[in-house]
Amino acid sequence: MAALGMAALRRGGGAAPRLLAVAVSCQSCRPKASQCPGDGGHGQPKDHHPAAPGRARRGAEPGPAAGSQPLPAEGADTKTYLWARYHEMKKLVYDLLPPGVCNLLNPAAIYANNEISLGDVEIYGFDYDYTLAQYSNLLHSMIFNTARDILIEQFKYPEGLGKYDYIPGFAIRGLHYDVQKSLLMKIDAFHYVQLGTAYRGLKPVPDEEVIELYGGTQHIPLYQMSDFYGKGPSLKQFMDIFSLPEMTLLSSVIDYFITHGIEFDQVHLYKDISDAIRDVHVKGVMYKWIEKDLEQYILHGDEIYAVLNRLVNHKKKLFLITNSPFSFVDKGMKHMVGKNWRDLFDMVIVQADKPNFFTDRRKPFRKLDDKGSLQWDKINQLEKGKIYKEGNLFDFLRLTGWRGSKVLYFGDHLYSDLADLMLRHGWRTGAIVPELETEIRIINTEQYMHSLTWQQALTGLLERMQMYQDAESKQVLLEWMKERQEIRSLTKNLFNPQFGSIFRTFHNPTYFSRRLVRFSDIYMASISCLLNYDVNFTFYPRRTPLQHEAPLWMDQLCTGCMKTPFLEEMVHIR
């Protein structure tokens, strides 16, 4: 049975801390035999009364914070008892973490939100930027510096802004910006601001001020939240990787104005910075940098060729839909794949104007010749190896017949690339999340694993022992709550000192994670992760427990009266 418990740990991947903490919590909270004789269950009192014949006994198995509780040994005060349980649990947490538990997750794996068989997929579609082409972080500094200079030279912003440089790692993807309040912050899946992650400029805003700004709550009402494409009346969500320099520039400009006591109009400031960033893209400045030094800016090009060539060899059809111009895509693809890259694709669509491409029927397809010059012929069919500009998805579906779940499209932007395709057209979707690789490497560290496991165990202990309400016990519980908050802050800072993980706000998923789960069947750090799987591989999402599925949750097991057969054996695992 011990082998079964260990196998469950290894097989469960990220569930290891949860299962370990299950055993720890139940062992440390279990009353002594003298306190719980007979078959009364986990902490069940001896002198309970049997139910009347033929009638179910209500409340026989009390849940959390109800029914029987462990009691201090005779003559012991509750403070001593609570600290004894604390130290017993802490020892078990660290004893039970087996060797190698810190390398359970593979950064090159593909993770499934929804069951999908690649054997059913006949057509593969791709975005270009940050999907086929991954860029080095040097690009962020270039975008920041150029947009900053546009503000100074063209918008006549103070020259003192020239002293600000890009700060790598300041912001993370998925943050919201409240234009009226000049707040950059992380919001969870339930529309609550994660306290400690609200910034005005480059400085954090005190939690009390954040709560006051939103009428005495951390909650952001639905009508204020961003819409389907991340653009609300007063809140903007930054969802693509190109937005990292935009968030940093926005924070830097606000920091300068606040530091120098300069009043500013929040709406105009946000618009000016958005326009400056847009000019870097729209006027082709960024494209010229990359084209001049493809080796420096584009990463993992050889792996892209391997992915595409493998799919073609297995008789899959390929297409590309990107907002970038043809000359830029052509140079990048030749660098990564070779001069005959177009032979791999059944069709290529550039300057598509996503997400409008997926919803607007008005723009017709136009053909480009081999030099990228626009042709004005009416398009009655989409030919293999040809380059098309603009168009719309409705004509694309009509001309190709590529519909439903036989199509799998990959992109990095959850709104612009994936949302419409999944919800409106039934395509399967794959999200490219480059940050996943770094986050998994952090999750695999011993520091994170120990911190998370102890945090979960301490949470279960707090829930179990909260029924002790004498003065000394309350003080102990307050100390535990303070320690729990310190551990949560520590684990947050492992990912990003300002905003933490892009996937979690402490225990809740982030708003970004909520969208990731909703709009993608699978997600991965890079398109090259496909090389690790057979072309007929089926991805099965893990069954993650819901809150009412108590036997699978550490804290529910700790606070309830259920028994799971292998928990006794797991206690002895080393």
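Residues numbered from 1 in each chain as written. Predicted model: local features only at pLDDT ≥ 70, side-chain atom pairs only at ≥ 80, totals over all residues. Heavy atoms only, no water.

The name that an unreviewed UniProt entry assigns to the protein is 5'-nucleotidase domain containing 2, with the source organism given as Aquila chrysaetos chrysaetos. The record held by UniProt for the protein lists under Sequence similarities (unreviewed entry) the comment "Belongs to the 5'(3')-deoxyribonucleotidase family." (UniProt positions renumbered as here; feature names shortened; annotations may be inferred.)

Caption draft 1: Region of interest: the overall build of the protein. Across its full length, the protein holds 20 helices and 20 strands. Burial status across the protein gives 54% buried among its 574 residues. Looking at the protein alone, contacts between residues at least 24 apart form 75% of all its contacts between residues at least 6 apart. With the model as given, the accessible surface of the protein reaches about 26700 Å², and the carbon-plus-sulfur share is 51%. (Helix = DSSP H or I, 4+ residues; strand = E, 2+ residues; numbered from the N terminus. Buried < 20%, exposed > 50% of the residue type's maximum accessible area, 1.4 Å probe, protein only. Contact = heavy atoms within 4.5 Å. Areas by Shrake-Rupley, 256 points an atom, 1.4 Å probe, with all protein chains shown as cover.)

Caption draft 2: View of the nonpolar core. Formed by 135 residues in total, the largest nonpolar core has its most connected members in Phe126, Tyr128, Phe345 and Phe396. Looking at this core element by element, the count peaks at eight residues for helix H6 (residues 243-259). Dropping the residues within four chain positions of it, Phe396 is found in contact with Phe319, Met347, Ile349, Phe357, Phe365, Leu382, Gly401, Trp402 and Trp427. Counting 16 residues, the second largest nonpolar core, distinct from the first, contains Tyr81, Tyr86, Leu462 and Tyr468. (Core = buried A, V, L, I, M, F, W, Y, C linked by side-chain atoms within 4.5 Å.)

Caption draft 3: A look at the UniProt feature "binding site: GMP" (unreviewed entry) in the protein. As annotated by UniProt and renumbered to match this structure, "binding site: GMP" (unreviewed entry) occupies Asp129. For Asp129, the location among the structural elements is in the loop between strand S3 (123-126) and strand S4 (134-135). Looking at Asp129, the relative accessible area reads 11%, which means it is buried. For Asp129, the contacting residues outside a window of four places in its chain are Tyr135, Phe242, Thr322, Ser324, Phe328 and Asp412.

Caption draft 4: Spotlight on helix H16 (residues 446-465). In a regular helix each residue adds 1.5 Å, so 20 residues correspond to 28 Å; H16 covers 28 Å between its end C-alpha atoms and thus fits that length. For H16, the tally of buried residues reaches 16 of 20 residues, placing the bulk of the element in the interior. (Expected span 1.5 Å × (residues − 1).)

Caption draft 5: Structural context of the side chain of His425. Checked against the element boundaries, His425 lands in helix H14 (residues 414-425). The class of His425 is buried, set by a relative accessible area of 18%. Once residues within four sequence positions are removed from consideration, His425 is found in contact with Phe358, Leu393, Phe394, Leu397, Gly404 and Asp420.

Caption draft 6: Quick peek at the pattern of salt bridges. Using the criterion set out here, one finds 23 salt bridges in the structure. Among the ionic pairs, Lys203 bridges to Asp255, the shortest N-O distance being 3.2 Å. Of this pair, Lys203 sits in strand S8 (residues 203-204) while Asp255 sits in helix H6, placing them 52 residues apart in sequence. The shortest N-O distance in the salt bridge between Asp420 and Arg424 comes to 2.3 Å. With Asp420 and Arg424 both in helix H14 and four residues apart, the pair spans about one turn of that helix. A network of salt bridges, in which partner residues are shared, links Lys271, Asp275, Arg278, Asp279 and Lys283. (Salt bridge = Lys/Arg side-chain N within 4 Å of Asp/Glu carboxyl O.)

Caption draft 7: The arrangement of the sheet that holds strand S1 (residues 111-112) in detail. In spatial order, the strands read S1-S19-S16-S15-S3-S11-S12-S14-S13; together these nine strands make up an open sheet with mixed pairing. Unpaired on one side and paired on the other, S1 and strand S13 (365-368) mark the two borders of the sheet. (Pairing = 2+ DSSP bridges.)

Caption draft 8: Structural context of the pairing of strand S14 (residues 387-390). Across three bridges, strand S12 (residues 347-350) lies against S14 in parallel orientation. For Ile349, the partnering residue across the bridge sits in S14 and is Tyr388. Bridge count between S13 and S14: four bridges; the pairing is antiparallel. The partner of Lys367 across the bridge, within S14, is Tyr388.

Caption draft 9: The packing of helix H4 (residues 138-153) against helix H8 (residues 285-292), seen in detail. One way to put it is that H4 packs onto H8 with a least axis distance of 11 Å and a crossing angle of 145°. Between H4 and H8 lies a crossing whose hand is right-handed. Facing Leu139, Met142, Ile143 and Thr146 of H4, the residues of H8 in contact are Val285, Met286, Trp289 and Ile290. Among the residues forming the contact of H4 with H8, the class breakdown is seven nonpolar, one polar and no charged. (Axes fitted to C-alpha atoms, helices over the stretch in contact; angles between N-to-C directions. Left-handed = near helix turned anticlockwise from the far one by under 90°. Nonpolar A, V, L, I, M, F, W, Y, C, P; charged D, E, K, R; others polar.)

Caption draft 10: View of the UniProt feature "active site" (unreviewed entry) in the protein. As annotated in UniProt, the feature "active site" (unreviewed entry) corresponds to Asp127 and Asp129 in the numbering used here. Relative to the elements of secondary structure, Asp127 occurs in the loop between S3 and S4. Ignoring anything within four residues of it in the chain, the contact list for Asp127 reads Leu132, Leu320, Ile321, Thr322, Lys354, Tyr409, Phe410, Gly411, Asp412 and Asp417. There is a polar contact of 2.9 Å between the side chain of Asp127 and the side chain of Lys354. (Polar contact = N/O pair within 3.5 Å; in protein donor to acceptor, adjacent residues only side chain to side chain.)

Caption draft 11: Fine view of the confidence of the model for the protein. Confidence in the prediction of the protein, expressed as mean pLDDT, is 83, and 80% of residues score 70 or more. Throughout residues 1-68 the model reports pLDDT below 50, and contacts reaching past four residues in sequence, or to other chains, amount to 119 contacts. Of the regions scoring below 50 in pLDDT, residues 551-574 engages in 73 contacts with residues more than four places distant in sequence or in other chains. (pLDDT = per-residue confidence, 0-100.)

Caption draft 12: How the structure looks around the packing of aromatic side chains. Counted under the stated rule, the structure contains 39 aromatic pairs. Ring plane angle 85° and centroid distance 5.6 Å describe the contact between Phe357 and Phe358, whose orientation is recorded as edge-to-face. Neither residue differs from the other here; Phe357 and Phe358 are each classed as buried. Three or more aromatic residues joined by ring pairs make a cluster, and in this case those are Tyr157, Tyr164, Tyr256, Phe257 and Phe264. Positioned above the aromatic ring of Phe394 is the side chain of Arg361, whose terminal nitrogen or guanidinium carbon lies 3.8 Å from the ring centre. (Phe/Tyr/Trp six-rings, centres within 6.5 Å; stacked < 30°, edge-to-face > 60°. Lys NZ or Arg CZ within 6 Å of the ring centre and 35° of its normal.)

Caption draft 13: Representation of the pairing of S12 within the structure. Because side chains alternate across S12, one face comprises the buried residues Met347 and Ile349, and the other comprises Val348 and Val350, equally buried. Pairing geometry for strand S11 (residues 317-321) and S12, over three bridges, is parallel. Residue pairing across strands places Phe319 opposite Met347, the latter belonging to S12.

Caption draft 14: Fine view of helix H18 (residues 511-519). The complete set of buried residues in H18 reads Tyr511, Phe512, Ser513, Arg515, Leu516 and Phe519. Here the buried face of H18 lies against strand S5 (176-178), strand S9 (235-237), H14, strand S16 (428-432), strand S18 (508-509) and strand S19 (522-524).

Caption draft 15: Quick peek at the packing of H8 against helix H11 (residues 326-336). Relative to each other, H8 and H11 sit at 25°, their axes nearing to 10 Å. Overall, the two elements H8 and H11 adopt an arrangement that is roughly parallel. Between H8 and H11 lies a crossing whose hand is left-handed. Contact with H8, carried on its side by Tyr287, Ile290 and Glu291, involves Ser327, Phe328 and Lys331 of H11 and no other residues of that element. Tallied by class, residues from the contact of H8 with H11 come to three nonpolar, one polar and two charged. (Parallel < 35°, antiparallel > 145°, perpendicular 65-115°, else oblique.)

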